[in-house]
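Remarks on the overall topology
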Amino acid sequence: MRFTPLNLGRWILWSATALVFIAAPLVFTSGFSLTMMTQMGTLIIFALSYNMLLGQGGMLSFGHAVYSGLGAYVVVHTLNLMGKGSVVFPVVLLPLVGGLAGLVFGVLFGYVTTRRAGTTFALISLGVGEMVFACVLMFPGFFGGEAGVSTNRVVGKPFFGLTFGPALQVYYLVAVWCFLSMVAMFALTQTPLGRMANAVRDNPERAEFVGYNTQRVRFLQLVLSSFFAGVSGALSCINFEIVSAENVSAIRSGGVLLATYIGGVPFFFGPVVGSIVFVFFIVALSGFTKAWLLYLGLFFVLIVLYAPGGLASLVLMQFPLIRAGRWRELLLPYALAGLAGLVALAGVIGLVEMVYRLSEPGASTVLSVLGVSFDARTAPPWFAFAAVLAAGLIALRITTRRVGERWGAIQADLLAKAAG
Amino acid sequence: MTNAIELQDVHKSFGTTKIIHGVSLGIRAGERHAIIGPNGAGKSTLFNLISGRYELSAGRILLHGGDITNLRPYEINRKGLSRSFQVTNIFHNMSVFENIRCGVLWTAGHRYSFWHRVGALKDVQRRAEEVMERIGLAKRRNVPAGTLTYAEQRALEIGITIAGGASVILLDEPTAGMSRTETGHVVELVRTITEGKTLVMVEHDMGVVFDLADRISVLVYGEVLATGTPEEIRANPAVQEAYLGALHKETAHA
């Protein structure tokens, strides 16, 4: 009988995660970062629940916002009833209401969507998403039409002195639920259903021949996943105090796909990384530039092409090197490649920003970089940034080849050592 | 005594092509039964019909006297029939241990549980370790199945099949593509793991067949030409004519 020795590591990892949740607002104290972190926590739950489908069950869904969005609608009405005094319920437990609502809709729609796997599943999930979105606009009585339903989260008696009015209290509410959800979803991967979801993803045929109904496995996995989607929907409702058609839209469903994929589908923690980066893109970048969506799209394409395991895979790839004490040999190649990447990025940003200035009516076409002003209506800056981009790309090509060679050599070394 | 498997006038066609026409066959409980026949005789199709991978065009199949005709593969598996595949059919991204565990979970009664931690299920753990020991992959426990050697993957294929403890085992060419020594190992493995169970196997290696089988059925063009003990089959002139003779000539020339 052997015991897996990773339990200690796991405890350390989870404790560190909890510490980060607790300490984050003490380090990043501004209201802006607090808003951002609250959204990150909400998206982390949503993306992890999405990865229960994509990463663990092999189900590519284009309509996951249905479950978080409908959960949010149920919660917004619950909150309004609580405000009127006709329902008494603690705000802290509202995510549970959202979760249960998500779960009920998961049972309802999942019964249809999970009958098939693969492309058919993806298409049906897209169809269900569009259908729900249309219904939301069709019944403004409940869903509030385009404007949505707004609410006030400060209702009822304070919970141990917490009213959830201040943003910091909302952050900690999200943090606690996010941590609990993370633990719960990780635990689910370690159950018979969780393991068989992996089996069904890898080889559905064989799973049937060891006694498992693959359709049932997919269905249960989706139902559990929609519970957590509902939890995240409830938290976003509490945070923004409004729920609208956008909450169930294909844009939301696409967004969670991007966040999950950028972070890394094959790894449990991938979507956590992805959510942090994604919210940063949306909230922080959108304050600086109107082209943020374009940058996000570009980033996504690069990830899909060059790091299909997401950011998490890039990080995890370094672990064997660090363990073998060989990471120093890659520092210089990495730094050079990073530098080349920054040059190329500067070229891209210059060109994109000029395009946006020109296309926007009434905007000033004069930009300035490092104290140098130039006009986007003249040719020289275009040539300059194109040249920067070209130089960056060529440098990137050379430096990444160097990284690849060095990497391959070390890998071969380690393999030879392991074999000998 | 009822047969472990009973095929009653089983037919299978793909479109207008008839692959199996009118196979009736009884596999006795506890015997090791080999199905032989030339390529394209329908041996694998017969396996796919028994295990629920294909639907029958006509006829009936009974397992321990109960009707399993056109049940889904998982339903048939739950009734105690487990099969292996000719083309290795494993969970490539999972470790050897996890592969075996997938084969254990359902029969151990854990079904779709999402309230148990698999690591804490001692019965599953013990059974998986035992199966790995048996198929000789205990040392490769944590290796991803996709990176195993061919012979190891074949052993794992058998391991997943027997992990659930099914009483009727169907093995589709367990020695396909193996060297002499490897084949010898597999024969011994199959002999031990099927002790007290019913075995049906499709096999091309006549050495293996005559070594292992209590009875042999010869399938030619989707029909059973003969069924009998190895001696009876060897002495059967029709079989000689249709199959063994040709094979002997082939090997004599080679």
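These figures come from a predicted structure and were not determined experimentally. (Residues numbered from 1 in each chain as written. Chains lettered and ligands numbered in written order. Predicted model: local features only at pLDDT ≥ 70, side-chain atom pairs only at ≥ 80, totals over all residues.)

Our next topic: the overall build of chain B. Counting its regular elements, chain B contains nine helices and ten strands. Dimensions of chain B, computed from C-alpha atoms along their principal axes, come out at roughly 60 × 40 × 35 Å. When the 254 residues of chain B are sorted by exposure, 43% land in the buried category. (Helix = DSSP H or I, 4+ residues; strand = E, 2+ residues; numbered from the N terminus. Buried ≥ 20, exposed ≤ 12 C-beta atoms within 10 Å, placed from the backbone.)

A count of helices and strands for chain A gives 17 helices and four strands. What you see for chain A is a C-alpha radius of gyration of 24 Å, in line with the 22 Å of a compact globule of 420 residues. The dimensions of chain A, computed from C-alpha atoms along their principal axes, are 70 × 65 × 45 Å. For chain A, buried positions account for 40% of its 420 residues. (Rg over C-alpha atoms; globule rule 2.2 N^0.38 Å.)

So, about the pairing of strand β2 (residues 17-27) of chain B. Residues and elements named next belong to chain B. Across eight bridges, the pairing between strand β1 (residues 5-14) and β2 is antiparallel. Bridge pairing in β2 places I5 opposite I27. Where β1 folds back on β2, the antiparallel hairpin that results is connected by two residues, among which G15 adopts a positive phi of roughly 65 degrees. (Pairing = 2+ DSSP bridges.)

So, on to helix α12 (residues 270-288) of chain A. Residues and elements named next belong to chain A. The terminal C-alpha atoms of α12 lie 27 Å apart, and with 19 residues this matches the ideal 27 Å at 1.5 Å per residue to within 8%. What α12 keeps buried is the set G270, P271, V272, V273, G274, S275, I276, V277, F278 and V279. Packed against the buried residues of α12 are α2 (31-57), α11 (250-263) and α14 (310-316). (Expected span 1.5 Å × (residues − 1). Contact = placed C-beta atoms within 7 Å.)

Looking now at the packing of α11(A) against helix α13 (residues 292-306) of chain A. Residue and element names in this part refer to chain A. α13 packs onto α11 with a crossing angle of 45 degrees between their chain directions and a minimal axis gap of 10 Å. By the criterion of interaxial angle, the relationship of α11 to α13 is oblique. Of the two elements, α11 crosses α13, and the hand of that crossing is left-handed. On α13, the residues touching L258, Y261 and I262 of α11 are F299, F300, I303 and V304. Looking at the contact of α11 with α13 residue by residue, the class counts come to seven nonpolar, no polar and no charged. (Axes fitted to C-alpha atoms, helices over the stretch in contact; angles between N-to-C directions. Parallel < 35°, antiparallel > 145°, perpendicular 65-115°, else oblique. Left-handed = near helix turned anticlockwise from the far one by under 90°. Nonpolar A, V, L, I, M, F, W, Y, C, P; charged D, E, K, R; others polar.)

So, about the sheet that holds β2(B). All names here are of chain B. With antiparallel pairing, the four strands of this open sheet are ordered in space as β2-β1-β4-β5. The two strands at the open ends of the sheet, each matched to only one other strand, are β2 and β5 (66-67). Along the sheet face, helix α1 (residues 43-50) touches β1, β2 and β4 (58-63) and points at about 65 degrees away from the line of β2.

The next point concerns the sheet that holds strand β7 (residues 168-172) of chain B. Strands belonging to one sheet form pairs held by backbone hydrogen bonds; the direction of such a pair is parallel or antiparallel. All names here are of chain B. The six strands lie next to each other as β6-β7-β8-β3-β9-β10, forming an open sheet whose pairing is mixed. The open sheet is flanked by β6 (81-83) and β10 (223-228), the only strands paired with a single partner. Looking at each pair of strands side by side, their axes are set apart by 15 degrees on average, direction ignored. Relative to strand β8 (residues 198-202), β7 runs parallel, the two being bridged by five bridges. Looking at the pairing, D172 lines up with V202 of β8.

A few words on the interface of chain B and chain A. Counting residues at the interface gives 32 residues for chain B, matched by 24 residues for chain A. For the side of chain B that touches chain A, a count of residues per class yields 13 nonpolar, twelve polar and seven charged.

With that out of the way, let us pick up unusual backbone geometry. Residues and elements named next belong to chain B. The phi dihedral of D9 is positive, around 50 degrees, even though this residue is not glycine. Its place among the elements puts D9 in strand β1. Here N70, not a glycine, exhibits a phi torsion of approximately 60 degrees, which is positive. When you line up the elements, N70 lands in the loop between β5 and α2 (73-78).

Considering the arrangement of structural elements, one finds A:T400 in helix α17 (residues 379-419). A C-alpha to C-alpha distance of 9.1 Å links A:T400 and A:A340, two positions 60 residues apart in sequence.

Helix length check: helix α1 (residues 7-27) of chain A, at 21 residues, gives a terminal C-alpha distance of 29 Å against a target of 30 Å (1.5 Å per residue), a fit within 8%. Burial runs low along α1(A): only zero of the 21 residues are buried.

Moving on, we get to the packing of helix α4 (residues 94-113) of chain A against helix α5 (residues 118-138) of chain A. Each pair of packed helices can be described by the angle between their axes along with the distance between the axes. All names here are of chain A. Their axes nearest at 9 Å, the elements α4 and α5 cross at an angle of 140 degrees. Judged by the inter-axis angle, α4 sits oblique to α5. For α4 against α5, the interelement crossing comes out right-handed. Taken together, the residues of α5 that come into contact with α4 (itself represented by F109, V112 and T113) are F121, I124, S125 and V128. Within the contact of α4 with α5, the residues separate by chemical class into five nonpolar, two polar and no charged.

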